[in-house]
Amino acid sequence: MTGKTHMMIGAAAGITFGMNTSIETTIGVIGAAIFGALLPDIDHPKSKLNQRILFSNNKLTKLITYSLLGVIMYYFDFKLLGLVCVLVGLSTHRGITHSILGYLMFSAIAYKIAAENGLWEVYKGFNIGYITHLIGDFITIKGIKVFWPLDFKIKFPVPIKTDGIVEHFILTASFMYFISIMVTYMNH
């Protein structure tokens, strides 16, 4: 799926799970869900996040940037984050970040941040967003390496084309759902 579809599905899931909280918490949950929905594509040099992080959107820049960042994080005792950064630098698209292992590693990092700052609803939003990303890419023709490092992909029995008509329908439906919930939420 494209970044905009992942982002919109994440926003729709975030507002769904955050709407029975304060406006501040709801905004935090939506933001975390959007971030979680975009994060798995950090292994692609031209992803929405890497367009903001990398000075040049290519594989070599991604490798150098994330490997260097990983070494720095590891040195400053953020060992898991350092390891994840190095793995992201080395990973191909839809590799570790689209797997159960990648999800668990990123979730553990988010858990540590949530535990230190009391951000449990935001932590839930992040996880919801990440999972929607994996499900979204699972239903595409390319599928995902859910059991990485094993090198086989799984996909939905009736997969959809990335940026195709079904994905555009999902994007539009997610947007309309988000807006309808937002209007309902704002009127209460």
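Preceding this paragraph is the structure being described.
A quick note: this is a predicted structure, and the numbers were derived from the prediction, not measured.

The rules behind these values
Numbers given for residues are sequential positions, taken from 1 along each chain in its written order. In keeping with the predicted nature of the model, local features appear solely for residues at pLDDT of at least 70, side-chain atom pairs appear and are counted solely at 80 or more, and the whole-chain, interface and lining totals rest on all residues. Side-chain metrics in this entry use all non-hydrogen atoms of the structure; hydrogen atoms and water are not considered. By the criteria applied, helices consist of DSSP H or I runs no shorter than four residues and strands consist of E runs no shorter than two, each listed in order from the N terminus. Multiply 1.5 Å by the residue count of a helix minus one, and that product is the helix's expected span. Each residue is placed in one exposure class: buried if its accessible area under a 1.4 Å probe, protein chains only, is under 20% of its type's maximum, exposed if it is over 50%, and partly exposed if it falls in between. Should any heavy atoms of two residues lie within 4.5 Å, those residues are counted as being in contact. The method works on a 1 Å grid over the protein atoms by themselves. A cavity is a set of points holding a 1.4 Å probe that cannot get out, a pocket is an open set with protein on both sides within 12 Å along at least five of seven lines, and residues with an atom within 4 Å of a point line them. Grid points are joined across faces, edges and corners, and a volume is the space filled by probe spheres set on the points.

The next thing to look at is helix α1 (residues 3-18). It helps to recall that an α-helix has 3.6 residues per turn; residues three or four apart then point in one direction. Between its first and last C-alpha atoms α1 spans 22 Å; for 16 residues at 1.5 Å apiece the expected length is 22 Å, and the two agree. Burial of α1 is extensive: twelve of the 16 residues sit out of reach of the surface. Where α1 is buried, its residues contact α2 (23-38), α7 (120-138) and α8 (165-186).

This part is about the layout of surface pockets. Of the volumes computed, that of the largest pocket is approximately 440 Å³. Around the largest pocket, the lining is made up of 22 residues, and of these F35, L39, I109, I113 and F126 lie nearest the centre. Looking at the lining of the largest pocket, the elements that each hand over two or more residues are α2, α4 (59-75), α5 (79-90), α6 (100-117) and α7. Counting residues per element, the lining of the largest pocket draws most heavily on α6, which supplies five residues. The space that makes up the second largest pocket amounts to roughly 330 Å³. If you go around the second largest pocket, you meet 20 residues; those closest to its centre are M1, T2, D41, H44 and H93.

Right, let's get into unusual backbone geometry. The omega angle of the peptide bond from W148 to P149 is 20°, so this bond is cis rather than trans. The residue P149 is located in the loop between α7 and α8 in this model. Although it is not a glycine, R94 adopts a positive phi angle of roughly 60°.

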